[in-house]
Amino acid sequence: MTRANGSEDLTAIEIELLRNALGSICDEMYVALMKSAYSTNIKERKDHSAAIFDASGRVVIQGESQPLHLASMLGLVEVVLQRYPIDAMAPGDMFVSNDPFVGKGSHLPDVALVMPIFAPAEDANGRGPLFGFIANIAHHADIGGMAPGGIAGGMTEIYQEGLRIPPIRLLAGGEIVSDVLDLILLNVRVPTERRGDYMAQIAANRLGERRFSELFRKHSPARVRAASVGVIEAVARRMRSGIAALPDGVYRFEDVLDDDGFDAEQIPIVLTITVDGEHITFDFDGTGAQVKGNINNSWAGLQASVLFGLKVLVDPDGPTNHGMLEPVTIKAAPGTVVNAVFPAATAGRSQTCQRVIDAILGALSAAVPEKVIAAGNGANLLIAFSGDGPSGDYYLYMETIGGGAGARAYKDGTDGVQVHTTNTSNLPIEALEREYPLLVERYELVQDSGGAGTHRGGLGLRRDYRGIGHTLAFSVHGERYRTPPWGLFGGAEGATGQHAILHDDGRVIPLPAKTETIPVGPDAVVSIVTPGAGGYGPPGQRDPSEVAEDLESGKYTDEYIRAHYPQPANAENPGAAGDAKETSS
């Protein structure tokens with residue numbers, strides 16, 4: 001049925017069918033970008049996302065990829081609409097942006113391309129009305145600035161972090177605005193690779209535009225618009241229902257960030273959650289002030305972190321869109337580390353995002369203990385290598401490395417993975433060594449790094465890198481190197497991480513968690529050890545066969561088993577821990 005205002009009433013089945021149609025467009029854009037990109041960070045590690053918006057700028061569909069990229073999506077189209085009237089837009093236009101303050105992004109390496117989508121024209125000479133927008137966002141391996149890769153210790157303001165791009169037109173009527181692209185490429189390292197990634201982003205949006213043209217031949221724009229409204233309203237209903245299932249009450253938790261790479265240490269993240277019927281409030285009163293170093297979070301990053309932390313508990317299987325915001329209030333004073341103000345350095349904001357999610361899970365462990373997990377590795381550990389390789393060509397390689405995932409109420413934590421909002425893969429050694437003059441000498445799980453418990457925490461990773469025939473430039477940015485990942489309900493904490501330069505002559509030079517760019521010669525190895533994760537439940541209640549497997553697998557030493565479980569278990573005496581459990585209960 002069509003209403004007087006031109007909108008349509010759709011059944012739930014029709015809305016779901018069109019939701020899947022929109023989701024397929026979003027997913028195809030995501031895959032096209034991945035398969036067309038030049039850099040390993042996108043084509044191998046999948047550090048990119050895609051989304052569809054309505055004409056007012058509300059997210060209708062975000063692909064199931066990078067939750068943190070929601071931060072750079074929620075306010076993006078709103079800013080574009082503020083700067084560019086709809087009448088000034090044309091089919092084929094695209095707008096580029098990355099700025100956390102002007103563009104409502106989260107940090108500079110995440111560059112978004114937004115494209116308006118118009119309904120079919122009513123006559124051959126006209127332009128149809130604006131239907132909405134499509135966008136993709138990709139983490140570029142370099143955005144200029146003082147450090148290769150854009151995320152290293154030593155940065156104190158956003159000007160040092162790279163090129164700031166407000167929402168500006170990169171394509172006009174389908175044609176690249178070469179002056180703008182030239183300006184961007186002039187300010188970044190390895191511009192050929194960066195250009196290839198931008199072209200992949202452009203191609204992905206063009207594919208999305210074509211798919212919308214095909215969709216409009218099957219369904220009227222009014223019908224698709226009505227479905228978009230229905231999808232947003234459905235998500236809001238699902239979120240309200242999930243929140244209503246939480247016990248009403250006030251829940252509080254406090255965690256800390258290790259440091260900012262300068263003078264600030266043990267920076268508090270304080271969270272009070274109030275559940276009141278179908279509404280929930282997240283109040284960060286008491287959280288530390290924004291800091292000199294580059295771990296400050298933007299409002300967009302905070303919003304995405306809160307929504308992720310809540311969604312995984314109340315509606316993990318539902319779509320991701322603007323409806324998630326409807327029953328949620330977030331309070332965070334401007335000028336704090338979770339809601340920094342200009343010109344704060346924000347490149348490493350994902351460290352703070354991780355700690356916000358840890359605080360949410362810690363607070364709501366009292367409400368839904370069966371749904372939360374112990375603290376994971378709590379970091380988005382980013383490393384960057386660059387230099388002139390043996391061929392004489394300059395290269396730049398950056399990646400983030402996983403660690404332990406927190407133990408669950410029913411299962412062990414996962415070993416060696418990215419956690420929470422940083423849903424990327426660890427780059428395979430084969431891909432790394434094929435493209436860069438680097439040799440990975442060790443890649444392994446870290447023994448004893450997952451906290452003991454009824455269910456153990458996940459293990460951290462170790463990677464050792466050597467530059468082949470050249471002196472490279474190296475930087476690293478990590479967290480949970482002083483404060484270990486906590487366990488829940490009697491579970492033990494996980495191990496902290498560490499970095500070091502291991503020289504062939506035996507010298508070992510420990511590095512801080514947030515290291516400025518330093519030279520490393522070919523006679524030394526960069527050794528990265530990532531944090532593990534906390535355990536869940538009393539270790540004495542762990543199944544004895546699982547204790548024996550922990551030992552037999554080599555993931556844990558006999559010393560750790562003896563120290564954390566009532567009695568060691570092994571292949572010859574697998575029942576020993578079970579006997580101890582019975583006598584200790």
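Note that the structure is a prediction, hence the values are computed from the model and not measured.

Asker: Explain the nonpolar core to me, please; I cannot follow it from the model alone.
Answerer: Buried together is how nonpolar side chains tend to be arranged in soluble globular proteins. Judged by nonpolar contacts, the single largest core of 65 residues is most densely connected at Ile273, Ile280, Phe282, Phe284 and Val306. If you look at the next biggest cluster of nonpolar residues, it comprises 42 residues, including Ile25, Tyr30, Ile52 and Phe131.

Asker: Would you mind going over the pattern of salt bridges with me for this structure?
Answerer: Close approach of charged atoms allows side chains with opposite charge to pair. Scanning all chains against the criterion turns up 40 salt bridges. We note a salt bridge from Arg164 to Asp99, for which the minimum N-O separation is 2.5 Å. Residue Arg164 is located in the loop between strand S5 (130–139) and strand S6 (168–172), and its partner Asp99 is located in the loop between strand S3 (94–97) and strand S4 (110–118); the two are separated by 65 residues in the primary sequence. The class for Asp99 is buried, based on a relative accessible area of 1%. Residues joined by salt bridges that share partners form a network here, namely Asp255, Asp259, Glu265, Arg355, Asp358, Glu479, Arg480, Arg482 and Lys514.

Asker: Sorry if this is basic, but what is going on with helix H1 (residues 12–36) here?
Answerer: The periodicity of an α-helix, 3.6 residues per turn, causes residues three or four places apart in sequence to face the same way. For H1, with 25 residues, the first-to-last C-alpha span of 36 Å sits near the 36 Å given by 1.5 Å per residue. Listing the buried residues of H1 in full gives Ile15, Leu18, Leu22, Gly23, Ile25, Cys26, Met29, Tyr30, Ala32, Leu33 and Met34.

Asker: Even after reading the chapter, I still don't get unusual backbone geometry, so can you show me in this structure?
Answerer: Working note: non-glycine residues mostly have negative phi, and peptide bonds are mostly trans. Here the amide bond leading from Phe342 into Pro343 is cis, since omega sits at 5 degrees, within 30 degrees of zero. Note on placement: Pro343 falls in the loop between strand S11 (328–331) and helix H9 (349–364). Although it is not a glycine, Gln266 sits at a positive phi angle of roughly 50 degrees. Positive phi outside glycine occurs at Phe489, with the angle close to 55 degrees. Tracing the chain through its elements places Phe489 in the loop between strand S16 (472–477) and strand S17 (498–503).

Asker: Looking at this structure, how should I read the pairing of S11?
Answerer: Successive residues of a regular strand alternate their side chains across the two faces of the sheet. Only one face of S11 is buried: it carries Val328 and Ile330, and the other face, with Thr329 and Lys331, is open. Here strand S10 (residues 279–283) runs beside S11; their pairing, made up of 4 bridges, is parallel. Residue pairing across strands places Thr281 opposite Thr329, the latter belonging to S11. Note that the unit made of S10, helix H8 (residues 299–314) and S11 has a crossover that is right-handed.

The rules behind each value
The residue count restarts for each chain, going from 1 along the sequence in the order it is written. Predicted model: local features are reported for residues with pLDDT of at least 70 only, side-chain atom pairs are reported and counted for 80 or more only, and whole-chain, interface and lining totals are derived from all residues. Think of the side-chain values as coming from all heavy atoms in the structure, minus any hydrogens and water. Nonpolar cores are built from buried Ala, Val, Leu, Ile, Met, Phe, Trp, Tyr and Cys residues. Side-chain atoms within 4.5 Å join them into one set. Only protein chains enter the area calculation, which uses a 1.4 Å probe; residues under 20% of their type maximum are buried, those over 50% are exposed, and those in between are partly exposed. Definition used for salt bridges: Asp or Glu carboxyl oxygen within 4 Å of a side-chain nitrogen of Lys or Arg. In this description a helix means any DSSP run of H or I spanning at least four residues, a strand means any run of E spanning at least two, and both kinds are numbered starting from the N terminus. Each residue after the first adds 1.5 Å to the expected span of a helix. Strands qualify as paired when DSSP identifies two bridges or more between them. Crossover handedness is defined here as right-handed if the route from the first strand over the helix to the second strand goes clockwise, with the strands pointing away from the viewer.

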